[in-house]
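# Structural characterization, general
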Amino acid sequence: MQILPISQAHFPKRSALTGKDKSELRAWNVCMCFCTEKETSLRNYLFILLLSFSQPGFGYFTFLSNNAVDIEIPLNWENQQFDVPVNLTLQSCRGTSLSGCDFFQSQETYYLRGSDFTFLHQETNQVTEDIVIGQVKYKQGNNDLTLNNNELSAGLRPGQYQAVDSTLTFTIFNNALDSTLPGTYISNYSLFGEETGWITYNDEVDLLFKIKVPERVKVSGLKDIRMTSEGNQAVTSEPMNFCVFSQGGTEFKLKATGKNDANQQFYLSQGGEPINYKIMLQPVLQGGTPQSLSPGVFLNGLTGSDSQNCYGHTANNMQLFIDIPGNQSLSTGVYTDTVTIHVEAT
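Residues numbered from 1 in each chain as written. Predicted model: local features only at pLDDT ≥ 70, side-chain atom pairs only at ≥ 80, totals over all residues. Heavy atoms only, no water.

## A look at the state of the cysteines
- Under the definition given, this model contains one disulfide.
- Across the disulfide from Cys243 sits Cys310; the S-S distance is 2.2 Å. Torsion about the S-S bond of the Cys243 and Cys310 cystine: about 85°, corresponding to right-handed handedness. With Cys243 in strand E13 (residues 240-246) and Cys310 in helix H2 (residues 310-313), the pair connects residues that are 67 residues apart, well separated along the chain.
- Look at Cys310 and you get buried, because its relative accessible area is 0%. (Disulfide = S-S within 2.5 Å. Helix = DSSP H or I, 4+ residues; strand = E, 2+ residues; numbered from the N terminus. Buried < 20%, exposed > 50% of the residue type's maximum accessible area, 1.4 Å probe, protein only.)

## Considerations on the nonpolar core
- Of all hydrophobic cores here, the largest spans 36 residues; its most connected members are Leu168, Phe170 and Phe209.
- Within the residue set of this core, elements represented by two or more residues are strand E1 (61-65), strand E2 (81-92), strand E3 (110-114), strand E6 (135-140), strand E8 (164-173), strand E9 (183-195) and strand E10 (201-213).
- Ranked by residues supplied to this core, first place goes to E10 with six residues.
- Sequence-distant contacts of Phe209, defined by excluding residues within four places in its chain, comprise Val69, Ile71, Phe117, Phe119, Ile133, Phe170, Tyr185, Ile186, Ser187 and Tyr189.
- By size, the runner-up hydrophobic cluster in this structure holds 23 residues, among which are Val244, Leu268, Leu293 and Val343. (Core = buried A, V, L, I, M, F, W, Y, C linked by side-chain atoms within 4.5 Å. Contact = heavy atoms within 4.5 Å.)

## Thoughts on the environment of Gln81
- Tracing the chain through its elements places Gln81 in strand E2.
- Sequence spacing of Gln81 and Phe173 is 92 residues, and the spatial spacing of their C-alpha atoms is 4.5 Å.
- Beyond its immediate sequence surroundings of up to four residues, Gln81 is in contact with Thr171, Ile172 and Phe173.
- Only 3.3 Å separates the side chain of Gln81 from the side chain of Asp83, close enough to count as a polar contact. (Polar contact = N/O pair within 3.5 Å; in protein donor to acceptor, adjacent residues only side chain to side chain.)

## A closer look at the pattern of salt bridges
- In total, this model carries two salt bridges according to the counting rule given.
- Where Asp178 meets Arg216, a salt bridge forms, and the shortest distance between an N and an O atom there is 3.1 Å. Here Arg216 lies in the loop between E10 and strand E11 (217-220) and Asp178 lies in the loop between E8 and E9, a separation of 38 residues in the sequence.
- A residue is classified by how much of its surface remains accessible, and Asp178, at 7% relative accessible area, is buried. (Salt bridge = Lys/Arg side-chain N within 4 Å of Asp/Glu carboxyl O.)

## Details of the sheet that holds E8
- Taken in spatial order, the five strands line up as E1-E2-E8-E6-E7 in an open sheet, and their pairing is antiparallel. Both edges of this open sheet fall to E1 and strand E7 (143-146), since each of them pairs with a single strand only. Pairwise comparison of adjacent strand axes, ignoring direction, gives a mean angle of 25° for this sheet.
- Where E2 lies against E8, ten bridges are found, and the strand directions are antiparallel. Within the sheet, the bridge partner assigned to Asn87 lies in E8 and is Thr167. (Pairing = 2+ DSSP bridges. Axes fitted to C-alpha atoms, helices over the stretch in contact; angles between N-to-C directions.)

## Concerning unusual backbone geometry
- For Asn150, which is not glycine, the phi torsion reads 60° and is therefore positive.
- Mapping Asn150 onto the fold places it in the loop between E7 and E8.
- Using a relative accessible area of 46% as the deciding quantity, one classes Asn150 as partly exposed.
- Here the phi dihedral of Gln264 falls at roughly 65°; this positive angle occurs in a residue that is not glycine.
- For Gln264, the position within the fold is in the loop between strand E14 (251-258) and strand E15 (267-270).
- The exposure class of Gln264 is partly exposed, given its relative accessible area of 36%.

## Topic: the sheet that holds E14
- Ordered in space as E19-E14-E21, the three strands form an open sheet in which the pairing is antiparallel. Two strands in the sheet have a free side with no partner beyond their single neighbour: strand E19 (299-303) and strand E21 (339-345). Neighbour-to-neighbour, the strand axes of the sheet open up by a mean angle of 35°, direction not taken into account.
- Across three bridges, E14 lies against E19 in antiparallel orientation. In the strand pairing of E19, Glu251 is matched with Thr303.

## Re the packing of aromatic side chains
- Taken as a whole and assessed by the stated rule, the structure comprises ten aromatic pairs.
- Between Phe61 and Phe63 the ring centres are 5.3 Å apart and the planes differ by 90°, which places this aromatic pair in the edge-to-face class. You'll find Phe61 and Phe63 in the same group, each marked buried.
- Plain terms: the ring middles of Trp77 and Phe245 are 6.1 Å apart, the flat faces sit at 90° to each other, and that makes the pair edge-to-face. Of this pair, Trp77 sits in the loop between E1 and E2 while Phe245 is found in strand E13, placing the two residues 168 residues apart along the sequence.
- Judged by its relative accessible area of 36%, Trp77 is partly exposed.
- One aromatic cluster in this structure is built from Phe117, Phe119, Phe170, Tyr189 and Phe209.
- Stacked on the ring of Phe298, the Lys or Arg Lys253 has its end atom at 4.5 Å from the ring centre. (Phe/Tyr/Trp six-rings, centres within 6.5 Å; stacked < 30°, edge-to-face > 60°. Lys NZ or Arg CZ within 6 Å of the ring centre and 35° of its normal.)

## A look at the confidence of the model for the protein chain
- Looking at the protein chain, pLDDT values average 80 and 79% of them are 70 or higher.
- Contacts for the low-pLDDT stretch residues 1-38, under 50 throughout, to residues beyond four places or in other chains number 14 contacts.
- Confidence drops under a pLDDT of 50 for residues 45-58, and excluding neighbours within four residues, the segment shows 15 contacts in the predicted structure. (pLDDT = per-residue confidence, 0-100.)

The structure is reproduced here in structure tokens:
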């Protein structure tokens, strides 16, 4: 049935109405009322439908801020860890494009997944599998967990529908870096987050790690050497094993100097009476003939251990002994000297 606007509707004159005309008018009025209500309902329905289509969907997740991370590890000789915090802001809620997340004001469960660490050695352009970051901890409100590589976390609750602050803490274990070659290492750590509802929403943030591992060397395990001489005969000490650590097990050079002589020569002394001696050095792992150290002169081409204490001094890599030539006129007594061992990375 076609419904005419009121201005175009035909109303018969009251005086001319017949029974048939009255019934037609009543039918017209009923139809007019029915169609008007249906049109209003349809208009409201279409308005709600169009409003729904104007939204991105009932879901939302985003990282609102991130920090590019450039870390220079403050290495020392302690087997301690370094905690590097990174602050993030995220939002998970039922949001709309018209009014942000204030429309529904409904917090949504969200999930996180962190990538693993692949570090590129910048100097050689080689990927290294050395472990330089041990764990990643996440903290936000009551949410506290360790992120495992490429594993989606259990559901987390933001505590509110608005933006929330969170912290990622990256732990670097110092003792895990001993075998890492010196140089600069670069890695992109990716943090993925999502909120699942009618439609899944997700976001991702990349954190750049630039880690500088310096050249380090260290001497450990040196002890006092005691010797007993009979008359003016030559005497040689028992070998003394010690450890020289060099970052990544790289090469180093070594020199020794004596304290009793202004020119750092090797002399044992009792008062003003000197006894000359030699220091013989033997690289344990490299073999070969023991070499005599010239006072204050570097011996090159030595290979260091990749463990700060040579794995508990069970794999010491250096050995020295003292050789006192015979035929020296000596007075009875105790002769001493202090030797300084100096090592440098090469």
